[in-house]
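Structural description and commentary
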Protein chains: 2
Amino acid sequence: MSDSLVPETRVLAVASHVVYGNVGNTMAEFVMQSLGCDVAALNTVHFSNHTGYRQFKGTRATAQEITDLYEGLRQSNLTDFDMMLSGYAPSAAAVEAVGAIGIDLQTKAKSKPGSFFWVLDPVMGDQGRLYVNDDVVPAYKKMIHHADLILPNQFEAEVLSGIKITSLATLAEAITAIHRIYGVPHVIITSVQLFKLSQSGSTPSTPDNHLTVIGSTTRSDSSPRLFRIDVPALDCFFSGTGDMFAALMVARLREAIDAAGPDLRSTASWVSPDEVEPSSLPLAQATLKVLSSMHSVLERTMEARNAELAAAPLIENGDLTIEEQQKRDHLRRTKAAEVRLVRNARFLRDPLVQFSIQEWCKEDLPV
Amino acid sequence: MSDSLVPETRVLAVASHVVYGNVGNTMAEFVMQSLGCDVAALNTVHFSNHTGYRQFKGTRATAQEITDLYEGLRQSNLTDFDMMLSGYAPSAAAVEAVGAIGIDLQTKAKSKPGSFFWVLDPVMGDQGRLYVNDDVVPAYKKMIHHADLILPNQFEAEVLSGIKITSLATLAEAITAIHRIYGVPHVIITSVQLFKLSQSGSTPSTPDNHLTVIGSTTRSDSSPRLFRIDVPALDCFFSGTGDMFAALMVARLREAIDAAGPDLRSTASWVSPDEVEPSSLPLAQATLKVLSSMHSVLERTMEARNAELAAAPLIENGDLTIEEQQKRDHLRRTKAAEVRLVRNARFLRDPLVQFSIQEWCKEDLPV
């Protein structure tokens, strides 16, 4: 079919909702739908816009409200999900409520290995800083061993592994530790700026204007199978890219697992046999498509953003204080950087693959 | 572009949200996004599933919460909408809050005629029965004169016009009355079963297995320009078809207006010059595409539903009472009839037009 859709997949997506812009479930739902997934969106907050604007209005769902919505699905036999994607939840109790949903779905699927797969984005913070309450961290640590794939950023990987990532070697250690501590079979660290690490380790081969995505699917001895993909960094901050990555990953992983054949599809947690090399992992193949789609959409977003800012330059207004002017400018720039999702959906469906997967093993690493 | 997208359109969509299934904003958002519209979804309820299941869990937004979310957009300059689609709101106060949003957007657009267009679906009831509180009716009656296009079903058209629709002639009267009483320039009555009317009037030419959609754009003397499109009825009840119609209409009307040229685009309420015949109205052209898309999607939905019910027949369970069995069967049938939206998105984007527009004027009507 000319639609470029992935195999039919029913996804429960639990994350935040915003009226305007593209983050959380508002991003993830459309991304997965564009690729043909049936998405049930359970929204954990109802905000007017993302917090990067530095102001917003709206409400947070309580843990009870999250539990009730799921109970509503259960009582009407509407929980036949193939996958779950869980993202931001607004409190430790809400994180636990989301965890209980994942565990319930997993328990129901136990007699049919591979029939349910949970992708968990442990949203806790970024750039060395928690943006959730302290008690959210132990709540995640308690539930992550139930997940099949987790998608921490560099900071969240440090929090979960207890290892400070300062080099390629410590990065590999952090992933190894996450496999071991939580028994989670698939891990992707969604964005590492290796050039920033280069001061503390020796020569990473990435040019300094690239981002590196590192992933691994465990072997049966729980050792990692590490792969890495470098992508050019764009000179702009976009909100919602983590949600975009996670949503594309759900669809592309399902596609890659189906392509690998019925055996893998009915293997618990979709863990490839030990002889599969890192670069041949469905997780690596999926990541390649995900990053290719993202790069195309974000490149076009940056062009549109630059055009928007140029077309409507900030007009000095003598009636405003400097602070008010700065606020207006911040709002304008934040709005202009909203990901241009809908008009670029073709790049979600048909990625132009332009990057390559690199394998790496312990011997390659600087000490 | 091969994407079959309509011109760029920013839409504020205010309606209900369900986790599972396709009704309200959950339906409308994806439909409009598929056609390339940027949609800001402001959700008026957060339910687990639609009420056709006869059970659900979740919460309703208060009027204050609706107002707050919009205020959140305003304070960050995020209200640059070209169109608004308003649907279900859970109380008279909520309807008023939604009305205030539409009026605010319209007021802001006043200096640029045609730069904002409000499609209002006055969700009040169906099949001769109100399913909202009585006080919702006057709340709608007070705000409808602000809307540019309203989409009542037959029952809602009766409530708004005060005219009982029992024939083609009374149908024409009801539309004429709605134009006159509310000054609303575009009206579509989304589903009339003319064969049911045929007992009271004389020969409508529709075969008895068809639904008729009737629309009109007013002339400058506020007389109607009536058109009608008959489509084959499908032998199944689907929830969310009104929302699907409204969402497709937003996108297709915008497209048809753009195709008609810059003069119409900058005319208040996009009202075509008097010399434009009913069947050439952008509203009629848009309706044709809308119904063609819907018919393809619903045909495929019915096939999938029949296959789903056949594949999993209800198994007699001696432990259940007859009532419990009936409830299980109802849930199963309701789930099977959920509109298959995502996998059929190509029919949204590229409708196969297979119906035709008929004009009718007073002289054609039976008395």
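Per an unreviewed UniProt entry, the recorded name for chain A is pyridoxal kinase, and the organism is Penicillium malachiteum. The UniProt entry for chain A carries the following comment under Sequence similarities (unreviewed entry): "Belongs to the pyridoxine kinase family."

1. Section: the overall build of chain A
Helix and strand counts for chain A stand at 12 helices and 12 strands. Taking 2.2 N^0.38 as the reference for a compact globule, 367 residues should give roughly 21 Å; the C-alpha atoms of chain A span a radius of gyration of 20 Å, in line with that estimate. Projected onto its principal axes, the C-alpha positions of chain A cover 65 × 55 × 45 Å. Within chain A, buried positions represent 60% of all 367 residues. For chain A, long-range pairs separated by at least 24 residues make up 73% of all intrachain contacts whose partners lie at least 6 apart in sequence. Here chain A displays about 14600 Å² of accessible surface, and carbon together with sulfur accounts for 50% of that area. Of the side chains in chain A, 33 bear a positive and 43 a negative charge, and the two mean positions are spaced by 3 Å.

2. Focus: the sheet that holds strand E3 (residues 58-60) of chain A
Residue and element names in this part refer to chain A. An order of E3-E2-E1-E4-E5-E8-E9-E10-E11-E12 is seen for the 10 strands of this open sheet, with the pairing classed as mixed. Of all strands in the sheet, those with a lone pairing partner are E3 and strand E12 (357-359), marking the two edges. Bridge count for strand E2 (residues 38-47) against E3 is 3 bridges, and the pairing is antiparallel. Counterpart to Phe-47 in the pairing with E3 is Gly-58. Each of strand E1 (10-18), E2, strand E4 (83-86) and strand E5 (117-120) is contacted by helix H3 (residues 92-108), which is oriented at about 170° to E4, the strand it contacts most.

3. Observations concerning the sheet that holds strand E4 (residues 83-86) of chain B
All names here are of chain B. With respect to topology, 10 strands assemble into an open sheet ordered E3-E2-E1-E4-E5-E8-E9-E10-E11-E12, the strand pairing being mixed. Strands at the two margins of the open sheet, each flanked by one partner only, are strand E3 (58-60) and strand E12 (357-359). Pairing of strand E8 (residues 149-150) with strand E9 (residues 186-192) involves 2 bridges; the strand directions are parallel. The partner of Ile-150 across the bridge, within E9, is Val-187.

4. Observations concerning the interface of chain A and chain B
Counting from both sides, the interface comprises 52 residues of chain A and, opposite them, 52 residues of chain B. Note on chain A versus chain B: buried area summed over both sides is about 4300 Å², and carbon and sulfur give 56% of it. Connecting chain A to chain B are 2 salt bridges. Notably, a salt bridge pairs A:Asp80 with B:Lys335, separated by 2.8 Å at the nearest N-O pair. Counting every contact that joins chain A to chain B gives 12 residue pairs in polar contact (both at pLDDT 80 or more). Of all elements in the fold, only E1, helix H1 (24-34), E2, E3, helix H2 (63-75), helix H11 (322-336) and helix H12 (345-349) of chain A reach the threshold of two or more residues within the side of chain A that touches chain B.

5. Regarding the nonpolar core
The biggest cluster of nonpolar side chains holds 112 residues, and the ones touching the most others in it are A:Met32, A:Met244, B:Met32 and B:Met244. The contacts of A:Met32, once residues within four sequence positions are left out, are A:Val11, A:Ala13, A:Cys37, A:Val39, A:Leu85, A:Ala247 and A:Val250.

6. So, the relation of the copies chain A and chain B
Of the transformation superimposing chain A on chain B, the axial component is 0.0 Å and the angular component is 180°, with the fit at an RMSD of 0.0 Å. In short, the pair behaves as if placed about a two-fold rotation axis. No C-alpha of chain A lies nearer the rotation axis than that of A:Phe30, which sits 3.5 Å from it.

7. Remarks on the pattern of salt bridges
This model, assessed by the stated rule, comprises 34 salt bridges over all chains. Residues B:Asp82 and B:Arg10 are paired through a salt bridge, measuring 3.5 Å at the closest nitrogen-oxygen approach. Of the two residues, B:Asp82 sits in the loop between helix H2 (63-75) and E4 while B:Arg10 sits in strand E1 (residues 10-18), which places them 72 residues apart along the sequence. Owing to a relative accessible area of 10%, B:Asp82 belongs among the buried residues under this scheme. Among the ionic pairs, B:Asp258 bridges to B:Arg265, the shortest N-O distance being 3.3 Å. Through salt bridges that share partners, A:Arg10, A:Asp80, A:Asp82, A:Arg254, A:Asp258, A:Arg265, B:Glu308, B:Lys335 and B:Arg340 make up one connected network.

8. Section: the confidence of the model for chain A
Residue and element names in this part refer to chain A. Summing up the model confidence of chain A, the mean pLDDT is 93 and the portion of residues at 70 or higher is 93%. Note that pLDDT drops below 50 for residues 199-205; the model gives that stretch 8 contacts with residues more than four away or on any other chain. Under the prediction, the complex receives an ipTM of 0.95, its pTM being 0.95.

9. Here we look at the pairing of strand E9 (residues 186-192) of chain A
All names here are of chain A. With 6 of its 7 residues buried, E9 lies for the most part within the structure. Summarising the sheet, E9 and strand E10 (residues 210-217) pair through 5 bridges and their orientation is antiparallel. Bridged to Val-187 within E10 is Ser-216.

10. Considering the side chain of A:Gln325
Mapped onto the secondary structure, A:Gln325 falls in helix H11. Sequence-distant contacts of A:Gln325, defined by excluding residues within four places in its chain, comprise A:Leu314, A:Ile315, A:Glu316, A:Asn317 and A:Leu320.

11. A word on the packing of helix H8 (residues 241-259) of chain B against helix H10 (residues 282-311) of chain B
Residue and element names in this part refer to chain B. Contact geometry for H8 and H10: axes closest at 8 Å, N-to-C directions at 140°. It follows from the interaxial angle that H8 and H10 lie oblique. Handedness of the H8/H10 crossing: right-handed. Of the residues in H10, those in contact with Thr-241, Met-244, Phe-245, Leu-248, Met-249, Arg-252, Leu-253, Glu-255, Ala-256 and Ile-257 of H8 are Pro-282, Leu-283, Ala-286, Thr-287, Lys-289, Val-290, Leu-291, Ser-293, Met-294, Val-297 and Leu-298. Class assignment of the residues belonging to the contact of H8 with H10 gives a composition of 15 nonpolar, 3 polar and 3 charged.

12. Some words on unusual backbone geometry
Most peptide bonds are trans, and most residues other than glycine sit at a negative phi. A positive phi angle, near 65°, is found at A:Ser222, a position not held by glycine. Within the secondary structure, A:Ser222 sits in the loop between E10 and strand E11 (226-232). With relative accessibility at 33%, the residue A:Ser222 sits in the partly exposed group. The phi dihedral of B:Arg54 falls on the positive side, at around 70°, and the residue is not glycine. The topology assignment puts B:Arg54 in the loop between strand E2 (38-47) and E3. Note on B:Arg54: relative accessible area 68%, which makes it exposed.

Definitions and limits used
- Residues numbered from 1 in each chain as written.
- Chains lettered and ligands numbered in written order.
- Predicted model: local features only at pLDDT ≥ 70, side-chain atom pairs only at ≥ 80, totals over all residues.
- Heavy atoms only, no water.
- UniProt positions renumbered as here; feature names shortened; annotations may be inferred.
- Helix = DSSP H or I, 4+ residues; strand = E, 2+ residues; numbered from the N terminus.
- Rg over C-alpha atoms; globule rule 2.2 N^0.38 Å.
- Buried < 20%, exposed > 50% of the residue type's maximum accessible area, 1.4 Å probe, protein only.
- Contact = heavy atoms within 4.5 Å.
- Areas by Shrake-Rupley, 256 points an atom, 1.4 Å probe, with all protein chains shown as cover.
- Lys, Arg positive; Asp, Glu negative; His and termini not counted.
- Charge placed at Lys NZ, Arg CZ, Asp CG, Glu CD.
- Pairing = 2+ DSSP bridges.
- Axes fitted to C-alpha atoms, helices over the stretch in contact; angles between N-to-C directions.
- Buried area = accessible area lost by both parts, 1.4 Å probe.
- Salt bridge = Lys/Arg side-chain N within 4 Å of Asp/Glu carboxyl O.
- Polar contact = N/O pair within 3.5 Å; in protein donor to acceptor, adjacent residues only side chain to side chain.
- Core = buried A, V, L, I, M, F, W, Y, C linked by side-chain atoms within 4.5 Å.
- Least-squares fit on C-alpha atoms with pLDDT ≥ 70 in both.
- pLDDT = per-residue confidence, 0-100.
- Parallel < 35°, antiparallel > 145°, perpendicular 65-115°, else oblique.
- Left-handed = near helix turned anticlockwise from the far one by under 90°.
- Nonpolar A, V, L, I, M, F, W, Y, C, P; charged D, E, K, R; others polar.

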